[in-house]
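The residues making up each chain are set out below.
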Amino acid sequence: MSNPQDDNVPSSAGWRFKLGIAIICLMLGSWLMVPLAAAADVPGSKIAALTGVLFISNKILLILAIAIMGKSGFQQLKRSMFGYVSALAPAADVEVGPARHRIGLVMFCLPLISGFLEPYIDTLWPGLRPNIWQLQALGDAMLIGSFFVLGGNFWDKVRALFIRTARVVNTSAV
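Please read these numbers as outputs of a predicted model, since none were measured by experiment. (Residues numbered from 1 in each chain as written. Predicted model: local features only at pLDDT ≥ 70, side-chain atom pairs only at ≥ 80, totals over all residues. Heavy atoms only, no water.)

(A) Representation of helix H7 (residues 152–160). Those residues of H7 that fall on the buried side of the exposure criterion are Gly152, Phe154 and Val158. Along the long axis of H7, the arc covered by the buried residues comes to 155 degrees, so they all point the same way. On the buried face of H7, the contacting elements are helix H5 (98–124) and helix H6 (133–150). (Buried < 20%, exposed > 50% of the residue type's maximum accessible area, 1.4 Å probe, protein only. Helix = DSSP H or I, 4+ residues; strand = E, 2+ residues; numbered from the N terminus. Arc of directions from axis to C-beta. Contact = heavy atoms within 4.5 Å.)

(B) Spotlight on the nonpolar core. If you look at the biggest cluster of nonpolar residues, it comprises nine residues: Phe17, Ile23, Ile24, Met27, Leu61, Ala65, Ile68, Met69 and Leu77. Of all elements in the fold, only helix H2 (13–30) and helix H4 (44–88) reach the threshold of two or more residues within this core. Once residues within four sequence positions are removed from consideration, alanine 65 is found in contact with Gly20, Ile23 and Ile24. (Core = buried A, V, L, I, M, F, W, Y, C linked by side-chain atoms within 4.5 Å.)

(C) View of the packing of aromatic side chains. For the structure on display, the rule yields four aromatic pairs. Taking the centre distance of 5.8 Å and the plane angle of 70 degrees together, the rings of phenylalanine 108 and phenylalanine 147 count as edge-to-face. Taken together, the residues phenylalanine 108 in helix H5 and phenylalanine 147 in helix H6 connect sequence positions 39 residues apart. Note on phenylalanine 147: relative accessible area 24%, which makes it partly exposed. Following the ring pairs from residue to residue traces out a cluster consisting of Phe108, Phe147 and Phe154. (Phe/Tyr/Trp six-rings, centres within 6.5 Å; stacked < 30°, edge-to-face > 60°.)

(D) Inspection of the side chain of serine 146 at higher detail. Positionally, serine 146 belongs in helix H6. For serine 146, a relative accessible area of 0% puts it in the buried group. Within the structure, serine 146 has its side chain in polar contact with the backbone oxygen of leucine 143 (distance 2.5 Å). Setting aside anything within four residues of it in sequence, one finds serine 146 in contact with Gly104, Met107 and Phe108. (Polar contact = N/O pair within 3.5 Å; in protein donor to acceptor, adjacent residues only side chain to side chain.)

(E) Layout of unusual backbone geometry. A positive phi angle, close to 60 degrees, is found at aspartate 41, a residue other than glycine. Along the chain, aspartate 41 turns up in the loop between helix H3 (33–39) and H4. By relative accessible area, aspartate 41 is classed as exposed at 68%.

If you want it as structure tokens, here you go:
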């Protein structure tokens, strides 16, 4: 759906949009200073200070990028980014089968339960589980992948948890 205002983009929006994108790239690229500082044996207190400065400066740079790009430029950026991501999202009207639903629930619950129990297991039985970052990343990927396996309706169900007036309608009980 196109707004009439989106078609009337001023001629300066080209360089303003590019400058806004460059500022956003600078924001994201500035985080590379943290591992570089760690590799250069910078003291931990200075790395912590750098992280705090980057956190605050990135917020300021984001506001600056939005101000430079303007409403039309920021809308164009959102359309291009979310247009790509929305194509990857699962369809909300597709009903998943029982096997896919069970697999998706295991993929959803297993990382949450293991993340919840890890501190207790480490306290009660140190050294039991391997502290490997690849396993942590696998759990995160499994949690994200579970949304795609469970389908678009699952996200609506999760979202309904945060809506006070939401009601459950069980169509199979009718």
